[in-house]
Amino acid sequence: METINIPKEEYVKMRKEIELLKDNRFLKKVDELIDILFQEKYNLILTDYTDDLTEYSIDHVKDWDVEKSGWDHV
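Going along each chain's sequence as written, the residues are numbered from 1 onward. Totals for whole chains, interfaces and linings use all residues, but because this is a predicted model, local features are given only for residues with pLDDT of at least 70 and pairs of side-chain atoms are given and counted only at 80 or more. Only hydrogens and water are set aside; all other atoms, that is, all heavy atoms of the structure, feed into the side-chain values.

(A) Region of interest: the overall build of the protein. Here a strand is any run of E in DSSP of at least two residues, a helix any run of H or I of at least four, and the numbering for each starts at the N terminus. Scanning the protein from terminus to terminus reveals three helices and zero strands. Listing the helices and strands of the protein from first to last along the sequence gives α-α-α. Only protein chains enter the calculation, and the probe is 1.4 Å; a residue is then buried if its accessible area is under 20% of its type maximum, exposed if over 50%, and partly exposed in between. Sorting the 74 residues of the protein into buried and exposed places 3% on the buried side. Areas reported here follow the Shrake-Rupley algorithm with a probe of radius 1.4 Å; residue values treat only the protein chains shown as occluding. Total accessible area on the protein stands at roughly 7700 Å², and carbon and sulfur atoms take up 55% of it.

(B) Structural detail: the confidence of the model for the protein. Across the protein, pLDDT averages 77, with 66% of residues at or above 70. A residue's pLDDT is simply how confident the predictor is in it, with values from 0 to 100. Per-residue pLDDT, averaged within each element of the protein, yields its smallest value for helix α3 (residues 55-59) (59) and its largest for helix α1 (residues 8-22) (90).

(C) Focus on the pattern of salt bridges. For salt bridges, the criterion is a side-chain nitrogen of Lys or Arg within 4 Å of an Asp or Glu carboxyl oxygen. All told, the structure shown has two salt bridges when counted by the stated rule. The residue R15 makes a salt bridge to E19 at a minimum N-O spacing of 3.8 Å. With R15 and E19 both in helix α1 and four residues apart, this pair spans about one turn of that helix. The class for R15 is partly exposed, based on a relative accessible area of 37%. The shortest N-O distance in the salt bridge between E19 and K22 comes to 3.9 Å. Of this pair, E19 and K22 both sit in helix α1, three residues apart, which is roughly one turn of the helix. Residue E19 is classed as partly exposed on the basis of its relative accessible area, which comes to 41%. When salt bridges that share partners are traced, they join R15, E19 and K22 into one network.

(D) Structural detail: helix α2 (residues 24-42). In a helix, the anticipated span is given by 1.5 Å times the number of residues less one. For α2, which comprises 19 residues, the first-to-last C-alpha distance of 27 Å matches the rise-based estimate of 27 Å (1.5 Å per residue) to within 8%. Positioned one or two residues after α2, N43 has a phi angle of 60 degrees, which is positive.

(E) Main features of a nonpolar patch on the surface. Together, L20, L21, F26, L27, V30 and I34 give the surface a local cluster of nonpolar side chains, amounting to about 510 Å² of exposed area. At four residues, α2 tops the list of elements feeding residues into the nonpolar patch. Note that V30 resides in helix α2. Assessed through its relative accessible area of 31%, V30 is described here as partly exposed. Like-charged residues are merged into a patch within 9 Å and nonpolar side chains (Val, Leu, Ile, Met, Phe, Trp, Tyr) within 5 Å, provided each residue has over 30% relative accessible area and no salt bridge.

Encoded structure:
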């Protein structure tokens, strides 16, 4: 078994991150929040449909007319 040495504060930080990632309810809430913010900013609803993401549409993102939102700097 190999061992490594890391500072204790780094270890504590990593343990907290692991516990947060294990919290499935928390991740679902964050995912819902991201959907809501995306919908508010772009007036779109996220789905699993990605057939319209062609190379042309991705290369011309600057052509989208996007209004500024309070969430732009979050």
